[in-house]
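Read off the chains here:
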Amino acid sequence: MASCSLLSLTRIVWPAVFLGDVFAQSCWRDTPCTGPQAASFPGTWEENMFAPSSRIVTPKAVFNLDTRESASSGSASLTSGQSGIYYDFGLEVGGVVTIQFSVSASDGSDEESALGIAFTEATNWIGPVSDKSSGLFERNDGALYANFSSAGDHSYIMPDEQLRGGFRYMTLFLVGASSSVTINNVSLELSFQPTWSNLRAYKGYFHSDDDLLNKIWYSGAYTLQTNALHPKTGRVWPAPDSQWLNNGDIGIGNTINTDGAKRDRTVWPGDMGVAISAAFYSTGDVESIRNSLATLYGIQTENGLLPFSGPPLNATNSDTYHMWTMIGTYNYVLYSGDLDFIRDSWDKYLAAMNFVASQLDSSLGLLNITGYENDWGRLYTDSTLVSAQMLYYRTLVTGSMLATWLGDTTGVNSTWLETAAKLQSVIIAQLWDENAGAFDNSIESRESNTGLHPQDGNALALLFSIVNATSDQGQSISTSLTKNWTPIGAESPELPGEISPFVSSFEIQAHLLAGQTQRALQLIRTSWGWYLNNENGTQSTMVEGYLVDGTFGYRHDAGYEEDYSYTSHSHGWATGPVIALTEYILGLSITSPAGSTWRLAPQFGDLKHVEGGFTTNLGKYSASWTVNDDGGYTLDYNVPPDTTGVLVLPVSNRNGSYRVILDGQLMTVKLGKHVGIEGEKQLYITEGNGGNHRIEVS
């Protein structure tokens, strides 16, 4: 594949200076504007947003492809004697490009001349050949061509079916032309988040005294926006013989959540294991989630099996992704309060539960996933894969909650909880490695003495409460996970040499549940911070994965045929920091549909101030805390008036005295009743009411 490898072409430019925005608001083409009109929490933190203020954007800079020198942003010239020029949009974009250009008088030899147009997310593949997106590894994506045969002014509008889903850089070059070409104007109509007229109308926000964490949170939010597509703009499969097509029908509705901006532009339920929660806390886009889930249930097989991916790929045979759809159903109902969705899908949900239950090996008490081993890209997917057991436990527990919310009277809620409890005991008895302080990859792995203790299974053990995260066993898992750390992130032992932001999204939450706040913050900064500040990336979104040597060859030897350019640089499964920073660091989450009950449990780490919020159908939820120099702190929260919650408040002195003041009133602290010890932290736990409140702890 022809490519131009560049090590460092751009400086870091944050979106606050996105001067190319054209200030007009509209939805994508004729899509109904059902999205929010204004941000729920306007404030200075909006300076950290990457989302443009308009659906029509223009590049921020243009460079000579030969010299790498900056050219005039007003107009740029191309001649047959140069390789070309490239435009930098400053961040991840995607949609339909319009180019207005002028051709000078020629000697009449331009009959078959063209302006070539190529795209890439990363600097490494700037040049006349686009980075790969089609899914056919035996060929490259090539370029588009604006043909011309005469002098004068010309206009090229990219065909809708060939809109480019995700890119930062666009290269222009001449083919067969003896004349010179002047580029007069370049613009792009953004195709993502199609139902939003205001791309900055987030329903959530986050802000802290750490600027890097703020930008990481907003890069996650923007990633999710670039993954929210009109269902008629997905990647076509089977792929065309050349170039690419993005007019595939990938589901129902007017907006749908997909895995990535460039590729696969398809619904993948495992990716939604991160993306659903992250979207709720940031953009608040649950409409896209609903349509993705409905699409998956719509192609469920007669035996109850849910798909590995949505259409048109329609990949199958994955127990783990089957269960991610079921867990995602719980998450969607929790955040949206849309009980009608699960009520209408209940028969299909029951069929899905029966399907996975039929694979329980009664002789072992564990799932046997033989025949359904497809997973997120990891290697070593044995029959008794530990992560599959963790997912089955979570599926049973969340299924029981759904049954309770529906008022089911058949008793499945208690039956599923009993099954979960038995499974939990067997997982620990059969798969725990006491010497390693972590879970084995599988029974097969243990018997073969592989020594493999996977990142996914162990992180999920804490995240899904198979093991109490604050117990000695939980602390051991948290410590064990840090053995995989490199200077730029956590290597996945189940995918050697690679860093998976998908699985690391679970790991950072696991550390926070273990009370290891600083570990989580460190991993967010070293992994996600490394990519956000990497001059070769998009500097605005979250990458699918990368290698421990810092190159972008994710899964190069595990399905991606040594093609480093195929890596997606805007992938929703990587957005775990959004969840971690809102739900655990800020500490605010909901615990019943639409937030009729909630939890506020802040974790400070090395931060001094954090604030944030999100929105449900019941209203706005927000909190803010500030740590004083003496270790005390002030915590403010504001939630809908008819809600109730639990306050889990850190207190500094294990054996000393402290004061808790709520709305100016000193609270009576009964040590035996109200104070609990979790790991190394002492917590004061009490009930909270709706409304606006202030708590002072000293």
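Quick summary incoming for the structure in this document. All of these numbers come straight from a predicted model, not from anything done at the bench.

Cut-off values and rules
Residues numbered from 1 in each chain as written. Predicted model: local features only at pLDDT ≥ 70, side-chain atom pairs only at ≥ 80, totals over all residues. Heavy atoms only, no water. Helix = DSSP H or I, 4+ residues; strand = E, 2+ residues; numbered from the N terminus. Buried < 20%, exposed > 50% of the residue type's maximum accessible area, 1.4 Å probe, protein only. Contact = heavy atoms within 4.5 Å. Areas by Shrake-Rupley, 256 points an atom, 1.4 Å probe, with all protein chains shown as cover. Lys, Arg positive; Asp, Glu negative; His and termini not counted. Charge placed at Lys NZ, Arg CZ, Asp CG, Glu CD. Disulfide = S-S within 2.5 Å. Expected span 1.5 Å × (residues − 1). Patch = residues over 30% accessible without salt bridge, like charges linked within 9 Å, V, L, I, M, F, W, Y side chains within 5 Å. Salt bridge = Lys/Arg side-chain N within 4 Å of Asp/Glu carboxyl O. Axes fitted to C-alpha atoms, helices over the stretch in contact; angles between N-to-C directions. Parallel < 35°, antiparallel > 145°, perpendicular 65-115°, else oblique. Left-handed = near helix turned anticlockwise from the far one by under 90°. Phe/Tyr/Trp six-rings, centres within 6.5 Å; stacked < 30°, edge-to-face > 60°. Lys NZ or Arg CZ within 6 Å of the ring centre and 35° of its normal.

## What to know about the overall build of the protein chain
At step 1: Secondary structure summary: the protein chain contains 14 helices and 29 strands in total.
At step 2: With respect to the principal axes defined by its C-alpha atoms, the protein chain has extents near 90 × 60 × 45 Å.
At step 3: In the protein chain, which comprises 698 residues, the share counted as buried stands at 63%.
At step 4: Long-range contacts, defined as pairs at least 24 residues apart, comprise 75% of the intrachain contacts of the protein chain with a sequence gap of at least 6.
At step 5: Counting only carbon and sulfur atoms, one obtains 48% of the accessible surface of the protein chain, whose full area is about 24200 Å².
At step 6: Put simply, the protein chain has 37 plus and 72 minus side-chain charges, and the middle of one group is 6 Å from the middle of the other.

## Let's talk about the state of the cysteines
At step 1: Across all of its chains, the model carries 1 disulfide by this definition.
At step 2: Residue Cys27 pairs covalently with Cys33 via a disulfide, S to S 2.0 Å.
At step 3: Taking relative accessible area as the criterion, Cys27 reaches 5% and is therefore assigned buried.
At step 4: Under the relative-accessibility criterion, Cys33 is labelled partly exposed at 43%.

## Things to note about helix H3 (residues 287-298)
At step 1: Look at H3: 16 Å from first C-alpha to last across 12 residues, which is about the 16 Å you get at 1.5 Å a residue.
At step 2: All buried positions along H3 are accounted for by Ser288, Ile289, Asn291, Ser292, Leu293, Thr295, Leu296 and Tyr297.

## Here's the deal with helix H13 (residues 576-586)
At step 1: With 11 of its 11 residues buried, H13 lies for the most part within the structure.
At step 2: Of the residues making up H13, those classed as buried are Gly576, Pro577, Val578, Ile579, Ala580, Leu581, Thr582, Glu583, Tyr584, Ile585 and Leu586.
At step 3: Immediately beyond the C-terminal end of H13, within one or two residues, lies Gly587, with a positive phi of roughly 95 degrees.

## Quick look at a negative patch on the surface
At step 1: On the surface, a cluster of negative charge is made up of Glu138, Asp557, Glu561 and Glu562.
At step 2: Mapped onto the elements of the fold, Glu561 is located in the loop between strand S20 (546-547) and H13.
At step 3: Taking relative accessible area as the criterion, Glu561 reaches 56% and is therefore assigned exposed.

## A short note on the environment of Gly576
At step 1: By the secondary structure assignment, Gly576 is in helix H13.
At step 2: Residue Gly576 is classed as buried on the basis of its relative accessible area of 0%.
At step 3: Expressed as a C-alpha distance, the spacing of Gly576 and Asn374, which sit 202 residues apart in the sequence, is 22 Å.
At step 4: Gly576 has contacts with Val274, Ser505 and Ile508, leaving out every residue within four places of it along the chain.

## Structural notes on the pattern of salt bridges
At step 1: Applying the stated criterion across every chain yields a total of 19 salt bridges.
At step 2: Between Arg263 and Asp264 there is a salt bridge, and its shortest N-O distance comes to 2.8 Å. A single burial state applies to Arg263 and to Asp264, both of which are buried.
At step 3: Asp606 is the partner of Arg525 in a salt bridge, and the nearest nitrogen-oxygen pair spans 2.9 Å. A residue pair is termed long-range when its members are at least 10 positions apart, and Arg525 in helix H12 (residues 517-532) and Asp606 in the loop between strand S22 (597-600) and strand S23 (609-616) qualify at 81 residues.
At step 4: When salt bridges with common partners are traced through the structure, they connect Glu121, Asp131, Asp141, Arg164 and Lys262 into a single cluster.

## Describing the environment of Asn628
At step 1: Topologically, Asn628 is positioned in the loop between strand S24 (619-627) and strand S25 (633-651).
At step 2: What makes Asn628 partly exposed here is its relative accessible area of 33%.
At step 3: Taking the C-alpha atoms as reference points, Asn628 and Ala490, separated by 138 residues in sequence, lie 33 Å from one another.
At step 4: What Asn628 contacts, discounting residues up to four positions off in sequence, is Lys608 and Tyr633.

## What to know about the packing of helix H4 (residues 319-336) against helix H5 (residues 339-357)
At step 1: Where H4 meets H5, the closest approach of the two axes is 11 Å, and the angle between their N-to-C directions is 155 degrees. Here H4 lies roughly antiparallel to H5, going by the angle between them. The hand of the H4/H5 crossing is left-handed. On H5, the residues that touch Asp319, His322, Met323, Met326, Thr329, Tyr332 and Val333 of H4 are Leu339, Phe341, Ile342, Tyr349, Ala352, Met353, Phe355 and Val356.

## As for the packing of aromatic side chains
At step 1: All told, the structure shown has 47 aromatic pairs when counted by the stated rule.
At step 2: Residues Phe280 and Tyr335 carry aromatic rings whose centres are separated by 4.2 Å and whose planes lie at 15 degrees to one another, so their mutual orientation is stacked. Highlighted residues: Phe280 in helix H2 (residues 272-281) and Tyr335 in helix H4, separated in sequence by 55 residues. Accessibility assignment for this pair places Phe280 and Tyr335 in one class, buried.
At step 3: Among the aromatic residues, those joined into a ring-pair cluster are Phe137, Trp324, Trp376, Phe464, Phe502, Phe506, Tyr554, Tyr560, Tyr566 and Trp573.
At step 4: Sitting above the plane of the Trp28 ring, Arg29 keeps its charged end 4.4 Å from the centroid.
At step 5: A cation sits over an aromatic face here: Arg164 above Trp244, 4.3 Å from the ring centre.

## Quick notes on the environment of Trp324
At step 1: In this structure, Trp324 sits in helix H4.
At step 2: Along the backbone, Trp324 and Pro640 are 316 residues apart, and their C-alpha atoms lie at a distance of 31 Å.
At step 3: The residues contacting Trp324, other than those within four sequence positions of it, are Pro269, Gly270, Gly273, Leu391, Leu460, Phe464, Phe502 and Phe506.

## Observations concerning unusual backbone geometry
When glycine is set aside, most residues are seen to have a negative phi, and most peptide bonds are trans.
At step 1: Here the bond from Arg263 into Asp264 is cis, since omega is 5 degrees, no more than 30 degrees from zero.
At step 2: Structurally, Asp264 can be placed in the loop between strand S12 (256-257) and H2.
At step 3: Here Pro311 and Pro312 are connected by a cis peptide whose omega angle stands at 0 degrees.
At step 4: Relative to the helices and strands, Pro312 resides in the loop between H3 and H4.
At step 5: At Gln243, a position not held by glycine, the phi torsion is positive, near 55 degrees.
At step 6: Inspection of the secondary structure assignment puts Gln243 in the loop between strand S11 (228-229) and S12.
At step 7: One non-glycine residue with positive phi stands out, namely Gln539, at about 55 degrees.
At step 8: With respect to the helices, strands and loops of the structure, Gln539 is situated in the loop between H12 and S20.

Worth remembering: the numbers are spatial, not functional.
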